[in-house]
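Chain and residue survey
Spelled out, the chains give:
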Amino acid sequence: MNYNSNYENTSQRDKRAVLEHAALTKSPEEIAALCRQLWHVENSARALGLACRFRGLSYVKALVEGGADLRISAPRTRAVTTRYTIGWHRWR
């Protein structure tokens, strides 16, 4: 994966894949720099989960400070929206 490219015209899917790969293979400092390059990544919860499970607190901190969160941007279909809405209200 190329971490030195310009991510301005990169799709959210590709940004997400780069962030997930970095969460498993890069240092916290490199992850923080990558987050600054990527700016905003939708559905970054998986990268956070990978960092929580396999890397540790410093990696999670780098991701969170870089803008990663647990929000899910689901497609706007009735079935998917209803599923996520019901699941979200259960945990409030």
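Counting from 1, residues in each chain are numbered in the order their sequence is written. Whole-chain, interface and lining totals are the exception, using all residues; otherwise, since this is a predicted model, local features are given only for residues with pLDDT of at least 70 and side-chain atom pairs are given and counted only at 80 or more. To get the side-chain values, all heavy atoms of the structure are used, and hydrogens and water are removed first.

**Some details on the confidence of the model for the protein chain**
Every residue is assigned a pLDDT by the predictor, reflecting its confidence on a scale from 0 to 100. Of all residues in the protein chain, 73% have pLDDT values of 70 or greater, and the mean over the chain is 82. Helix H4 (residues 57–65) holds the highest mean pLDDT among the elements of the protein chain, 96, whereas helix H5 (residues 78–90) holds the lowest, 51. We count a stretch as a helix when DSSP gives it H or I for four or more residues in a row; a strand needs E for two or more, and each element gets its number in order from the N terminus.

**Section: the packing of helix H1 (residues 12–25) against helix H3 (residues 45–54)**
The interhelical angle for the contact between H1 and H3, taken along N-to-C directions, is 10°, at an axis separation of 8 Å. Taken together, the axes of H1 and H3 are roughly parallel relative to one another. In this structure, H1 uses Leu-19, Glu-20, Ala-23 and Leu-24 to contact H3, whose residues at the interface are Arg-46, Ala-47, Leu-50 and Phe-54. Split into classes, the residues belonging to the contact of H1 with H3 amount to six nonpolar, no polar and two charged. The axes are straight lines fitted to the C-alpha atoms, using for helices just the contacting stretch, and the angles between their N-to-C directions are given from 0 to 180°. Orientation categories follow fixed angle ranges, with anything under 35 degrees roughly parallel, anything over 145 roughly antiparallel, 65 to 115 roughly perpendicular, and all other angles oblique. Here, residues are in contact when the closest pair of their heavy atoms is within 4.5 Å. Following the grouping adopted for this structure description, the nonpolar residues are Ala, Val, Leu, Ile, Met, Phe, Trp, Tyr, Cys and Pro, the charged ones are Asp, Glu, Lys and Arg, and the polar ones are all others, Gly among them.

**Brief notes about the nonpolar core**
Counting 18 residues, the largest nonpolar core has Leu-19, Ile-31, Leu-34, Leu-38 and Leu-63 as the members making the most contacts within it. Elements with a minimum of two residues in this core: H1, helix H2 (28–38), H3 and H4. We call a set of buried residues a nonpolar core when its members are Ala, Val, Leu, Ile, Met, Phe, Trp, Tyr or Cys and they connect through side-chain atoms within 4.5 Å of each other. Accessible area is worked out with a 1.4 Å probe on protein chains only. A residue is then buried under 20% of its type maximum, exposed over 50%, and partly exposed in between.

**What to know about the packing of aromatic side chains**
A pair of Phe, Tyr and Trp rings is counted when the ring centres sit within 6.5 Å of each other, with Trp represented by its six-membered ring. The angle between the planes then sorts it: under 30 degrees is stacked, over 60 is edge-to-face, the rest tilted. Throughout the structure, instances matching the rule amount to zero aromatic pairs. For a lysine, the NZ atom is tested; for an arginine, the CZ atom; a charge sits over a ring if that atom is within 6 Å of the ring centre and within 35 degrees of the ring normal. Note that Arg-55 overlies the ring of Tyr-59, its terminal NZ or CZ placed 4.3 Å from the centroid.

**Describing the pattern of salt bridges**
Put simply, a salt bridge is a Lys or Arg side-chain nitrogen that is within 4 Å of an Asp or Glu carboxyl oxygen. All told, the structure shown has two salt bridges when counted by the stated rule. Its salt-bridge partner being Arg-46, residue Glu-20 comes within 3.2 Å of it at the nearest N-O pair. With a gap of 26 residues between them, Glu-20 in helix H1 and Arg-46 in helix H3 connect regions that are remote in the sequence. Arg-71 serves as the salt-bridge partner of Asp-69, at 2.7 Å between the closest nitrogen and oxygen. You can call Arg-71 exposed: its relative accessible area is 62%.

**Structural notes on the environment of Leu-48**
Turning to its location among the elements, Leu-48 is positioned in helix H3. Relative accessible area serves as the criterion here: at 7%, Leu-48 is assigned to the buried category. If we ignore the near neighbours within four places in the chain, the residues touching Leu-48 are Val-60, Leu-63, Val-64, Ala-68, Asp-69 and Leu-70.

**Some points on unusual backbone geometry**
The phi torsion at Trp-39 lies on the positive side, around 65°, for a residue other than glycine. Take Trp-39: it is sitting in the loop between H2 and H3. Backbone geometry places Asn-43, a non-glycine residue, at a positive phi of 55°. Its location among the elements puts Asn-43 in the loop between H2 and H3. For Asn-43, a relative accessible area of 23% translates into the label partly exposed.

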